[in-house]
Amino acid sequence: MTKGNIASGKTTCLEYFSKTSDIEVLTEPVSKWRNVQGCNPLGLMYQDPSRWGLTLQTYVQLTMLDRHVLPMSTPVRMMERSIYSAKYIFAENLYKSGKMPEVDFAVLSEWFEWIIKNIAIPVDLIVYLQTSPQTCYERLKQRCRDEEKVIPLEYLESIHNLYEDWLIHHKSFEVPAPVLVIPADHDLKKMLHQYEENREKILMAHC
Ligand SMILES: Nc1ncnc2c1ncn2[C@@H]1O[C@H](COP(=O)(O)OP(=O)(O)O)[C@@H](O)[C@H]1O
Ligand SMILES: O=c1ccn([C@H]2C[C@H](O)[C@@H](COP(=O)(O)O)O2)c(=O)[nH]1
């Protein structure tokens, strides 16, 4: 699983590896989060997180689960984020910042606990693209996704701190697999070089 802050470069990384045969790449289903039967839960959440946070995170949880249980068609699968980051990072952030009501968080948590107890979600390796929030802020502005224009730097700092507490400091939640940290503030050329350096570790993680 590839993890990292918003606009840290996850999709770019997965696009690079998708050129390798025998790797299946599953990018995040963001297009579904922006359009489910004509509605845009991602946009609604950024406009009014207290009202729509549960709606978005319930749908993220479902679409991530759907990806996790897809039968493997190649020896290696790389997936962007996961049901774990949806809960441990994004739902947690909404709740901790006072933007998700306690009852919404409780219902989402019960769903999540039921899923991870009853459905196998095997993970071999977490590839963590470690960036500074400032880098993500620059890349976010450059990407210019409509819904995300309201995101302040402080939001990226909160997401960053939750990732660091979880994957680096082991201070929050259980980590479901070993973590490979790739420093990701660098330009694209250096990033591609680092991906090559780590190719074996990533592709052999399931062995
Ligand atoms: N190493 C990099 N240096 C500069 N820009 C980058 C780099 N990696 C990605 N980008 C750009 O930053 C934006 C966000 O990257 P993206 O891969 O979509 O991030 P994510 O999938 O993590 O949200 C895109 O416009 C992308 O072209
Ligand atoms: O559980 C989640 C997962 C993602 N999001 C938001 C964060 C971003 O605005 C988009 C997609 O993330 P990328 O890092 O650009 O891939 O979805 C969320 O709110 N909750």
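On a predicted model such as this, the values are computed, not experimentally measured, just so you know.

1. Observations concerning the packing of aromatic side chains
With the rule as written, the count across this model stands at eleven aromatic pairs. With a centroid separation of 6.0 Å and an interplanar angle of 40°, the aromatic rings of Tyr 84 and Tyr 88 are classed as tilted. In this pair, Tyr 84 and Tyr 88 are both assigned in helix 5 (residues 83-96), four residues apart and thus about one turn of the helix distant. A relative accessible area of 10% means that Tyr 88 is categorised as buried. Geometrically, the ring pair formed by Tyr 88 and Phe 112 is edge-to-face, given 5.4 Å between the ring centres and 75° between the ring planes. In this pair, Tyr 88 is assigned in helix 5 and Phe 112 in helix 6 (residues 102-118), connecting sequence segments 24 residues apart. Its relative accessible area of 0% is what places Phe 112 among the buried residues. By the ring-pair criterion, three or more aromatic residues cluster together here, those being Tyr 84, Tyr 88, Phe 112, Trp 166 and Phe 173. Note that Arg 51 overlies the ring of Trp 52, its terminal NZ or CZ placed 3.8 Å from the centroid.

2. Remarks on the sheet that holds strand 5 (residues 179-183)
Sheet strands associate in pairs through backbone hydrogen bonding, adopting either a parallel or an antiparallel arrangement. The strand order across the open sheet built from three strands is 1-4-5, with neighbouring strands paired in parallel fashion. Since the sheet does not close on itself, it has two edges, and those belong to strand 1 (2-4) and strand 5, each with one partner. This sheet shows a mean twist of 30° between the axes of neighbouring strands, independent of strand direction. Here strand 4 (residues 126-130) pairs with strand 5 via five bridges, running parallel. Counterpart to Ile 126 in the pairing with strand 5 is Val 179. Along the sheet face, helix 1 (residues 10-17) touches strand 1 and strand 4 and points at about 160° away from the line of strand 1.

3. Description of the pattern of salt bridges
Counted under the stated rule, the structure contains nine salt bridges. Arg 34 is paired through a salt bridge with Glu 147; the nearest N and O atoms lie 2.8 Å apart. Of this pair, Arg 34 sits in helix 2 (residues 30-34) while Glu 147 sits in the loop between helix 7 (133-143) and helix 8 (153-168), and the two are 113 residues apart along the sequence. The exposure class assigned to Glu 147 is buried, which follows from its relative accessible area of 11%. Between Asp 146 and Lys 149 there is a salt bridge; the shortest N-O distance is 2.8 Å. Note on Asp 146: relative accessible area 54%, which makes it exposed.

Rules used in this analysis
- Residues numbered from 1 in each chain as written.
- Chains lettered and ligands numbered in written order.
- Predicted model: local features only at pLDDT ≥ 70, side-chain atom pairs only at ≥ 80, totals over all residues.
- Heavy atoms only, no water.
- Phe/Tyr/Trp six-rings, centres within 6.5 Å; stacked < 30°, edge-to-face > 60°.
- Helix = DSSP H or I, 4+ residues; strand = E, 2+ residues; numbered from the N terminus.
- Buried < 20%, exposed > 50% of the residue type's maximum accessible area, 1.4 Å probe, protein only.
- Lys NZ or Arg CZ within 6 Å of the ring centre and 35° of its normal.
- Pairing = 2+ DSSP bridges.
- Axes fitted to C-alpha atoms, helices over the stretch in contact; angles between N-to-C directions.
- Contact = heavy atoms within 4.5 Å.
- Salt bridge = Lys/Arg side-chain N within 4 Å of Asp/Glu carboxyl O.

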